[in-house]
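# What the coordinates show
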Amino acid sequence: MDTATVARFEASRDRLASIAYRLLGSAADAEDTVQDAFLRWQAADRDHIVAPEAWLTKIVTNLAVDRLRSAKVRRERAVGAWMPEPLLDGDPMLGPADTVEQRESVSLAVLLLMERLSPVERAVYVLREAFSYGHAEIAQILDITESASQQHAHRARRHLAAARGTTRVDRAAAHRIAAAFVDAAASGRTERLVALLTADATAVSDGAGLNDKLLRYSVPERFAAATRAAFKPTPAKRKLAGGSPAIHTGVINGAPAVIAVLDDRVVGVAVLEVRGDKIASVCGMASPARLGRLTEQWRRHEHDAPLIESW
């Protein structure tokens, strides 16, 4: 391909990656999907492509839907250990964040709940809510009727209602919330943690990838007790991390986060979804397989001083 043709694709890459990430919940899978789209673009008769942006959107969306339908992906996600891949604030793969719908569509809580949707429902929701496509356009992209697109959108919004309505916070507020969470967790006093939580607060953890299923807590007292135990340093935990990490605050997928970093490598995160002035959910991840892109982005940005120099 000539330079102009490559440049035309590259101008769309970040947008295409943000569509694929919202659909797949995985940065690695999103990158693979966009690369597959590039190969399709390379092989296409581009003289007959009237609207390249629309053509590329259709290709990426359907490649992602096909990936969601694949037997391999269904097996991986059916075992109960799947979680979205977290992305650091400023990562271009997060895509647009101008509207409430765009921000909600990339929150970890929504990405987790989107597992309950069919691949087509998921695609309709992402294209409609995050990228403001009309139902007529979505119907053309997915080869469905306009009325079917409307029905899929209605079902998706109903399924995802429980995860919507979280409070957006700026960087300073995110730091305050994450710092209060760390302070309460490190205090060893369960009641201090409970005071930060909503009455229906939930937590989910990948158990550092050591468990076959995710660890889930839906009672604030149990949630707080598990968090207190998790934040207590032990030789075994330091061995698993490879040393004594520093504890930072940050913003991940639009939410306040606690980030454990060792030798400029992210070794664990706790992402806090906020409702009002309380923490409504926490997603904890320490599996190295989920933190690769986060580490790459961490190394590219400046950071505030750590809350804890050596945990």
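Taking an unreviewed UniProt entry as the reference, the protein chain is identified by name as DNA-directed RNA polymerase sigma-70 factor belonging to Nocardia wallacei. UniProt, in the comment section headed Sequence similarities (unreviewed entry), describes the protein chain in these words: "Belongs to the sigma-70 factor family. ECF subfamily." Database annotation for the protein chain, UniProt heading Subunit (unreviewed entry): "Interacts transiently with the RNA polymerase catalytic core formed by RpoA, RpoB, RpoC and RpoZ (2 alpha, 1 beta, 1 beta' and 1 omega subunit) to form the RNA polymerase holoenzyme that can initiate transcription."

## A word on the packing of helix α7 (residues 119-130) against helix α9 (residues 146-160)
Geometry of a packed helix pair, given as the angle between the helix axes and the separation of the axes. Two elements in contact, α7 and α9, have axes whose closest approach is 8 Å; the angle formed by their N-to-C orientations is 90°. The angle between α7 and α9 places the two elements in the roughly perpendicular class. In contact with V120, E121, V124, Y125 and E129 of α7, α9 contributes S149, H152, A153, R155, A156, R157 and L160. Among the residues making up the contact of α7 with α9, the classes are represented as six nonpolar, two polar and four charged.

## A closer look at the nonpolar core
Formed by 67 residues in total, the largest nonpolar core has its most connected members in F9, M114, L142, I252, I259, V266 and V269. If one sorts the elements of this core by residue count, helix α1 (residues 3-24) sits on top with eight residues. Formed jointly, this core draws a minimum of three residues from each of two domains, domain 1 (3-90 + 113-163) and domain 2 (171-300). Beyond its immediate stretch of four places on either side in the chain, M114 contacts R22, S105, R122, Y125, V126 and L160.

## Comments concerning the domain arrangement of the protein chain
Examined at the domain level, the protein chain breaks down into domain 1 (3-90 + 113-163) and domain 2 (171-300). Once you take the C-alpha centre of each, domain 1 and domain 2 turn out to be 29 Å apart. The interface of domain 1 with domain 2 comprises 14 residues on the first partner and 22 residues on the second. Together, the buried faces of domain 1 and domain 2 total about 1,500 Å²; carbon and sulfur atoms form 56% of this surface.

## Thoughts on unusual backbone geometry
In terms of backbone geometry, most residues other than glycine have negative phi values and most peptide bonds are trans. Even without a glycine there, the phi angle at N253 is positive, about 50°. Relative to the helices and strands, N253 resides in the loop between β3 (246-252) and β4 (255-262). Given a relative accessible area of 2%, N253 falls into the buried group. At D264, a residue that is not glycine, the phi angle is positive and equals roughly 65°. With respect to the helices and strands, the residue D264 is situated in the loop between β4 and β5 (265-275). A relative accessible area of 39% means that D264 is categorised as partly exposed.

## Some remarks on the pairing of strand β6 (residues 278-285)
Of all eight residues making up β6, seven are buried, and the element is well covered by its neighbours. Judged from the five bridges that link them, strand β1 (residues 197-205) and β6 form a sheet pairing that is parallel. Across the sheet, residue T202 finds its bridge partner in β6, namely S281. Bridge analysis of β5 against β6 gives seven bridges, and the strand direction is antiparallel. Paired with V274 across the two strands is I279, which belongs to β6. From the end of β5 to the start of β6, which pair antiparallel, there are two residues, and G276 there has a positive phi angle of about 70°.

## Section: the packing of aromatic side chains
Within this structure, the stated rule accounts for three aromatic pairs. On the basis of an interplanar angle of 50° and a centroid distance of 5.8 Å, the ring pair of W41 and W55 is categorised as tilted. In this pair, W41 sits in helix α2 (residues 27-43) while W55 sits in helix α3 (residues 52-69), placing the two residues 14 residues apart along the sequence. Under the relative-accessibility criterion, W55 is labelled partly exposed at 23%. Taking the ring centre of W41 as reference, the NZ or CZ of R46 above it sits at 5.9 Å.

## Quick look at the layout of surface pockets
Approximately 1,000 Å³ is the volume attributed to the largest pocket. Looking at the largest pocket, it is lined by 40 residues, and the ones nearest its centre are S205, A230, G268, M285 and A286. Contributing elements (two or more residues each) for the lining of the largest pocket: β1, β2 (215-217), α12 (220-230), α13 (235-241), β4, β5, β6 and α14 (292-300). If you tally residues by element for the lining of the largest pocket, the top one is β5, at six residues.

## Considering the side chain of R290
Secondary-structure assignment places R290 in the loop between β6 and α14. With relative accessibility at 14%, the residue R290 sits in the buried group. Setting aside anything within four residues of it in sequence, one finds R290 in contact with A81, W82, M83, P84, E85, P86, D206 and M285.

## Here we look at helix α10 (residues 171-187)
Helical geometry: 3.6 residues make up each α-helical turn, so side chains three or four residues apart lie on a common side. Here α10 is 17 residues long and its end C-alpha atoms lie 24 Å apart, about the 24 Å a rise of 1.5 Å per residue gives. Considered for burial, the residues of α10 that qualify are A173, A174, A178, F181, V182, A184 and A185. Along the axis of α10, the buried positions cluster into a sector of 165°, meaning they face one direction only. Away from its buried face, by an angle of more than 90 degrees, α10 presents the exposed residues R176 and A186. The inward-facing, buried residues of α10 abut α11 (190-194), α12, β3, β4, β5 and β6. For α10, the capping residue at the N-terminal end is D170, with a side-chain oxygen 3.3 Å from the backbone nitrogen of A172. G188 sits one or two residues past α10 and shows a positive phi near 80°.

Criteria and thresholds
Residues numbered from 1 in each chain as written. Predicted model: local features only at pLDDT ≥ 70, side-chain atom pairs only at ≥ 80, totals over all residues. Heavy atoms only, no water. UniProt positions renumbered as here; feature names shortened; annotations may be inferred. Axes fitted to C-alpha atoms, helices over the stretch in contact; angles between N-to-C directions. Helix = DSSP H or I, 4+ residues; strand = E, 2+ residues; numbered from the N terminus. Parallel < 35°, antiparallel > 145°, perpendicular 65-115°, else oblique. Contact = heavy atoms within 4.5 Å. Nonpolar A, V, L, I, M, F, W, Y, C, P; charged D, E, K, R; others polar. Core = buried A, V, L, I, M, F, W, Y, C linked by side-chain atoms within 4.5 Å. Buried < 20%, exposed > 50% of the residue type's maximum accessible area, 1.4 Å probe, protein only. Domains from an automatic or database assignment. Buried area = accessible area lost by both parts, 1.4 Å probe. Pairing = 2+ DSSP bridges. Phe/Tyr/Trp six-rings, centres within 6.5 Å; stacked < 30°, edge-to-face > 60°. Lys NZ or Arg CZ within 6 Å of the ring centre and 35° of its normal. 1 Å grid on protein atoms, 1.4 Å probe; cavity = no way out; pocket = protein on both sides within 12 Å on 5 of 7 lines; lining within 4 Å. Points joined across faces, edges and corners; volume = space filled by probe spheres on them. Expected span 1.5 Å × (residues − 1). Arc of directions from axis to C-beta. Polar contact = N/O pair within 3.5 Å; in protein donor to acceptor, adjacent residues only side chain to side chain.

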